[in-house]
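# Structural description and commentary
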Amino acid sequence: MAAAMDPGEEHTRFIEWAQSHGVDINGIAPAKFKDRGMGIVAASDIKKGEQIVHVRNTSLITVAQHAIQALKFPTKTSIHARLAAYLALHYADEDCQHQPWREVWPSQDEFIHILPLHWSRKLQDLLPHAATVLLTAQRSNLERDFVNIHAIHPSIPKVLFTYTWLIVNTRTFYWEYPDLPNAHPRLPKKRQQLTADDCYAMCPFMDYFNHSDKGCDPKADAKGYSVTADRAYKAGEEVYVSYGSHSNDFLLVEYGFILDTNGCDSLPLDHLILSQLSSEQAEILREDGFYGSYTLSPTTPTICHRTQAVVRLLTLPSRRYTAFVSGTDEGVGDQGKVNGYVVGLLVKYERQIMEIMEEVEELKAGGEVKTAQKDTLLRRWKQVQSIVKTSIDALSS
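Source: prediction; values computed, not measured.

## Comments concerning the pattern of salt bridges
Going through the model one piece at a time under the given rule, you end up with 14 salt bridges. Ionic pairing is found between Arg 320 and Asp 329, a salt bridge with its closest N-O pair at 2.7 Å. Among the residues examined, Asp 329 registers a relative accessible area of 25% and is labelled partly exposed. As a salt-bridge pair, Arg 320 and Asp 334 come within 3.1 Å of each other at their nearest N and O atoms. Separated by 14 residues along the polypeptide, Arg 320 in helix 13 (residues 318-326) and Asp 334 in the loop between helix 13 and helix 14 (335-362) bring together distant segments of the chain.

Below is the structure:
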């Protein structure tokens, strides 16, 4: 159990503010952890099933609020951008009602140290492929949002918008506006048209919780957000929530950390497999709905159904592939050949991993390459290497 430290006066002020603004806190408290930042600990023994926090719906920051709707963003402006712009426009306002909450958010310097978006190009170029794809998409979304916001609020500096955009990115929860009727004018879209990108809410106090692949599951209803203890906790234990089934590449790019143990970790194989396809094979896979999203898991089954399909197309007569994807043949008799092909790809990739790890280790810490960043990157590559080795062993047996 990691030693928890007193978080400081600003956090005490925030707790008082939160409790006076619709946040009910029961048996838990924020705490600071060495080298890990903030989290939540049990302040007393907690029983399984006890509600430990409830955030009233009126305490959330969402785009359904009058203050944000009053800014009259163009329809094409993303929900993420609207929230970030709202925070940026009020950032210098010391009388802002959210000031005590803002004082306990991560600083710009903290984001610069932990988030790959701010890492040096040397480190970004050495990220695993899956993380690179995620980072590219994140950077593209940020640039798109800034261009849209700058067109209507040119006074917001890009540095500030980037910071508030990352605050939204790292501190929002999924919110389907259950407190509003289906046809309410403050819904960002008609309810049946809402997507995950429309359902952002910032929740005071709940953003203290750290993530684990096994933790409490936050629940939302028309009254707000709540967290119930998933098990019994002793006083002093850290209490986690689960952000969802996320790989460590996702956690690294989106939140700036990786888990030492992550039952949801995986390794995308698209960068190894798609290059092996002919144009005809790629077209067949698109027509059948099996193009891309190939995944390697450290647990059984090691290779996903989609990977099973594409490798059969690459290695077997077309009728064997057709029988497999149509469900008329489970392909047990072909499994040895399929496994052998995947092992061949992984053995080559394992050599590449070793070369990349050597490059990371040779980087000189200092200046634009921070020691903690280098260490995190190396840890991630060791995890990828472990997934590959485990899978080679499983598929070779």
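More follows now that the structure is in view.
## Digging into the sheet that holds strand 10 (residues 224-228)
Taken together, the 4 strands give an open sheet; going across it, the order is 2-5-10-9, and neighbouring strands pair in antiparallel fashion. Strand pairing shows two members of the sheet lacking a second neighbour, strand 2 (23-25) and strand 9 (219-221), which therefore form its edges. Neighbouring strand axes in the sheet, compared pairwise and without regard to direction, differ in orientation by 15° on average. As defined by bridge partners, strand 9 adjoins strand 10 across 3 bridges and the pair is classed as antiparallel. Following the sheet pairing, Ala 220 is matched in strand 10 by Tyr 225.

## Topic: the pairing of strand 4 (residues 37-42)
Successive side chains on a regular strand alternate, one facing one side of the sheet and the next facing the other. Among the 6 residues of strand 4, 5 are classified as buried, and the element is accordingly described as predominantly covered. Bridge count for strand 3 (residues 28-33) against strand 4 is 6 bridges, and the pairing is antiparallel. Residue pairing across strands places Lys 32 opposite Met 38, the latter belonging to strand 4.

## Focus on the nonpolar core
Counting residues in hydrophobic clusters, the biggest one holds 112 residues, and the most contacted among them are Ile 52, Val 53, Phe 161 and Phe 209. With 10 residues, helix 14 is the largest single contributor of residues to this core. Look past the residues within four positions of Val 53 in its chain and what remains in contact with it is Val 23, Asp 24, Ile 28, Phe 205, Met 206, Phe 209, Tyr 225, Ser 226 and Val 227.

## Digging into the packing of aromatic side chains
The final tally for this structure, using the stated rule, is 14 aromatic pairs. Summarising the aromatic geometry, the rings of Tyr 243 and Tyr 255 are spaced 5.0 Å apart at their centres and angled 55° between planes, so their arrangement reads as tilted. You can see Tyr 243 sitting in the loop between strand 11 (240-241) and helix 9 (248-255) and its partner Tyr 255 sitting in helix 9, a full 12 residues away along the chain. Its relative accessible area of 27% is what places Tyr 243 among the partly exposed residues. On the basis of relative accessibility, which here comes to 18%, the residue Tyr 255 falls in the buried class. One aromatic cluster in this structure is built from Phe 14, Trp 17, Trp 101, Trp 105, Phe 205, Tyr 208 and Phe 209. One Lys or Arg, Arg 102, reaches over the ring of Tyr 91 and ends 5.2 Å from the middle of that ring. Sitting over the face of the ring of Tyr 291, Arg 286 holds its NZ or CZ atom 4.1 Å from the ring centroid.

## Re the packing of helix 12 (residues 305-315) against helix 13
Helix 13 packs onto helix 12 with a crossing angle of 160° between their chain directions and a minimal axis gap of 8 Å. Taken together, the axes of helix 12 and helix 13 are roughly antiparallel relative to one another. In this structure, helix 12 crosses over helix 13, and the sense of that crossing is left-handed. Along the contact surface, helix 12 presents His 305, Gln 308, Ala 309, Arg 312 and Leu 313, while helix 13 presents Tyr 321, Phe 324 and Val 325. For the contact of helix 12 with helix 13, the class distribution of residues is 5 nonpolar, 2 polar and 1 charged.

Calculation criteria
Residues numbered from 1 in each chain as written. Predicted model: local features only at pLDDT ≥ 70, side-chain atom pairs only at ≥ 80, totals over all residues. Heavy atoms only, no water. Salt bridge = Lys/Arg side-chain N within 4 Å of Asp/Glu carboxyl O. Buried < 20%, exposed > 50% of the residue type's maximum accessible area, 1.4 Å probe, protein only. Helix = DSSP H or I, 4+ residues; strand = E, 2+ residues; numbered from the N terminus. Pairing = 2+ DSSP bridges. Axes fitted to C-alpha atoms, helices over the stretch in contact; angles between N-to-C directions. Core = buried A, V, L, I, M, F, W, Y, C linked by side-chain atoms within 4.5 Å. Contact = heavy atoms within 4.5 Å. Phe/Tyr/Trp six-rings, centres within 6.5 Å; stacked < 30°, edge-to-face > 60°. Lys NZ or Arg CZ within 6 Å of the ring centre and 35° of its normal. Parallel < 35°, antiparallel > 145°, perpendicular 65-115°, else oblique. Left-handed = near helix turned anticlockwise from the far one by under 90°. Nonpolar A, V, L, I, M, F, W, Y, C, P; charged D, E, K, R; others polar.

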